[in-house]
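Observations on the three-dimensional arrangement
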Amino acid sequence: MILHYIYDPLCGWCYGAKPLVQAAQAVLPVIAHGGGMMTGANRQTVSPQLRNYVMPHDRRIAEYTGQPFGEAYFEGLLRDETAVFDSAPPIAAVLAAEQIAERGLELLGRLQAAHYVEGRRIADNTVLLELATQIGLEPEAFQQAFNEADTDRHIKDSRALLAKVGGQGFPTFALEQDGQFILVDIGPWLGKPQAFAHWLSQSLTAKESSHAFQACGLDGCAH
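Residues numbered from 1 in each chain as written. Predicted model: local features only at pLDDT ≥ 70, side-chain atom pairs only at ≥ 80, totals over all residues. Heavy atoms only, no water.

Helix and strand counts for the chain stand at 10 helices and six strands. The C-alpha atoms of the chain give 17 Å as radius of gyration, which agrees with the globular expectation for 223 residues (17 Å, within 12%). C-alpha atoms of the chain, sized along the principal axes, occupy 55 × 40 × 30 Å. Within the chain, the proportion of its 223 residues that are buried is 51%. Accessible surface, the chain: about 10400 Å² in total, of which carbon and sulfur atoms supply 49%. Taken together, the 16 basic and 25 acidic charged side chains of the chain have centroids lying 4 Å from each other. (Helix = DSSP H or I, 4+ residues; strand = E, 2+ residues; numbered from the N terminus. Rg over C-alpha atoms; globule rule 2.2 N^0.38 Å. Buried < 20%, exposed > 50% of the residue type's maximum accessible area, 1.4 Å probe, protein only. Areas by Shrake-Rupley, 256 points an atom, 1.4 Å probe, with all protein chains shown as cover. Lys, Arg positive; Asp, Glu negative; His and termini not counted. Charge placed at Lys NZ, Arg CZ, Asp CG, Glu CD.)

So this is what it looks like as structure tokens:
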């Protein structure tokens, strides 16, 4: 059984689900698929409008999940109108980390903390290289893999998977077994990573699942 995780590095609910992903990794393989929420025409320069849109969502995410959001994010990055929110570079960084060391999810977690707690610009290549090096990745190998990452194809494939499993936004979780996919509603597990891990363990040991799970329906999942 494999847990597929369709995410975006600039999705607040994906950051809220970070402890669930970490707990799940101790139970079964987790494969990350970057969805490219803010790419191409959807890239956004930070503005008062963007700040006013995301802050209520972020405060709700913090309340539901217990995940910390830093003042450097709320009062720093979200007021820096020279910053650009672009999902493609951090997705490329995750792909590079996975390719060279199978540590894509680890780097994703570091990028999420850098963005939401430290207020770092995770669309900037210099920041990505610094954070990759910080978790112990070899700088030259990372930079080469980053430069060669086929991010556009990965995003296209991720969106195709999202449509295939019937997901409605980010994050979407789907269990795969024998080529069959079952959507997982993470709503009941937010803020309860160990309970989520226990549920996954039970799913692994069950002969077959008789439950139908719905896609993530939390408002704000696509922001």
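The structure having been displayed, the exposition proceeds.
Moving on to helix H8 (residues 139-148). All of the buried residues along H8 are Phe142, Ala145 and Phe146. The arc that holds the buried residues of H8, viewed along the axis, is 105°, so those residues lie on one side. Projecting away from the buried face of H8 at angles above 90 degrees are the exposed residues Glu140, Asn147 and Glu148. The secondary structure elements touched by the buried residues of H8 are helix H5 (88-101), helix H6 (104-116) and helix H7 (125-134). Residue glutamate 138 occupies the N-cap position of H8, its side-chain oxygen lying 3.1 Å from the main-chain nitrogen of glutamate 140. (Arc of directions from axis to C-beta. Contact = heavy atoms within 4.5 Å. Polar contact = N/O pair within 3.5 Å; in protein donor to acceptor, adjacent residues only side chain to side chain.)

Quick look at the confidence of the model for the chain now. Looking at the chain, the pLDDT average stands at 93 and 92% of residues meet or exceed 70. Across residues 207-223, confidence stays below pLDDT 50; counting only partners more than four residues off in sequence or on other chains, it has 39 contacts. (pLDDT = per-residue confidence, 0-100.)

Omega for the peptide link from phenylalanine 170 to proline 171 comes to -5°, which places this bond in the cis form. Of note in the backbone geometry, glutamate 102 takes a positive phi value of approximately 55° without being a glycine. Relative to the elements of secondary structure, glutamate 102 occurs in the loop between H5 and H6.

Okay, the pattern of salt bridges next. Pairing is possible between side chains of opposite charge, provided their charged atoms come close. By the definition in use, this model includes eight salt bridges. With its nearest N and O atoms 3.0 Å apart, the salt bridge here joins arginine 51 to glutamate 75. With arginine 51 in helix H3 (residues 48-65) and glutamate 75 in helix H4 (residues 71-76), this pair connects stretches of sequence that are 24 residues apart. With a relative accessible area of 38%, glutamate 75 lands in the partly exposed category. Here arginine 110 ties to glutamate 118 by a salt bridge, and the two come within 3.0 Å at their closest N and O atoms. Taken together, the shared-partner salt bridges in this structure form one network comprising Arg110, Glu118, Arg120 and Glu130. (Salt bridge = Lys/Arg side-chain N within 4 Å of Asp/Glu carboxyl O.)

Moving on: the packing of aromatic side chains. Tallied over the entire structure, the rule returns 15 aromatic pairs. On the numbers, 4.8 Å between centres and 20° between planes, the contact of tyrosine 5 with phenylalanine 173 is stacked. Separated by 168 residues along the polypeptide, tyrosine 5 in strand E1 (residues 2-7) and phenylalanine 173 in strand E5 (residues 172-177) bring together distant segments of the chain. Here tyrosine 5 matches phenylalanine 173 in class, with each residue buried. Aromatic rings pair up to connect Tyr5, Tyr7, Phe173, Trp189, Phe196 and Trp199 into one cluster. Just above the ring of phenylalanine 74 sits the side chain of arginine 59; from NZ or CZ to the centre is 4.3 Å. (Phe/Tyr/Trp six-rings, centres within 6.5 Å; stacked < 30°, edge-to-face > 60°. Lys NZ or Arg CZ within 6 Å of the ring centre and 35° of its normal.)

Moving on, we come to the environment of tryptophan 199. Looking at where tryptophan 199 falls in the secondary structure, it is placed in helix H10 (residues 193-205). A relative accessible area of 13% means that tryptophan 199 is categorised as buried. Measuring from C-alpha to C-alpha, the distance between tryptophan 199 and leucine 28 comes to 12 Å, with 171 residues separating the pair along the chain.

A few words now on the packing of helix H2 (residues 18-25) against H6. Closest axis-to-axis distance for the H2/H6 pair is 11 Å, and the angle between their directions is 160°. Relative to H6, the element H2 is oriented roughly antiparallel. Of the two elements, H2 crosses H6, and the hand of that crossing is left-handed. Together, Lys18, Val21 and Gln25 of H2 and Leu105, Gly109, Gln112 and Ala113 of H6 make up the contact between the two elements. (Axes fitted to C-alpha atoms, helices over the stretch in contact; angles between N-to-C directions. Parallel < 35°, antiparallel > 145°, perpendicular 65-115°, else oblique. Left-handed = near helix turned anticlockwise from the far one by under 90°.)

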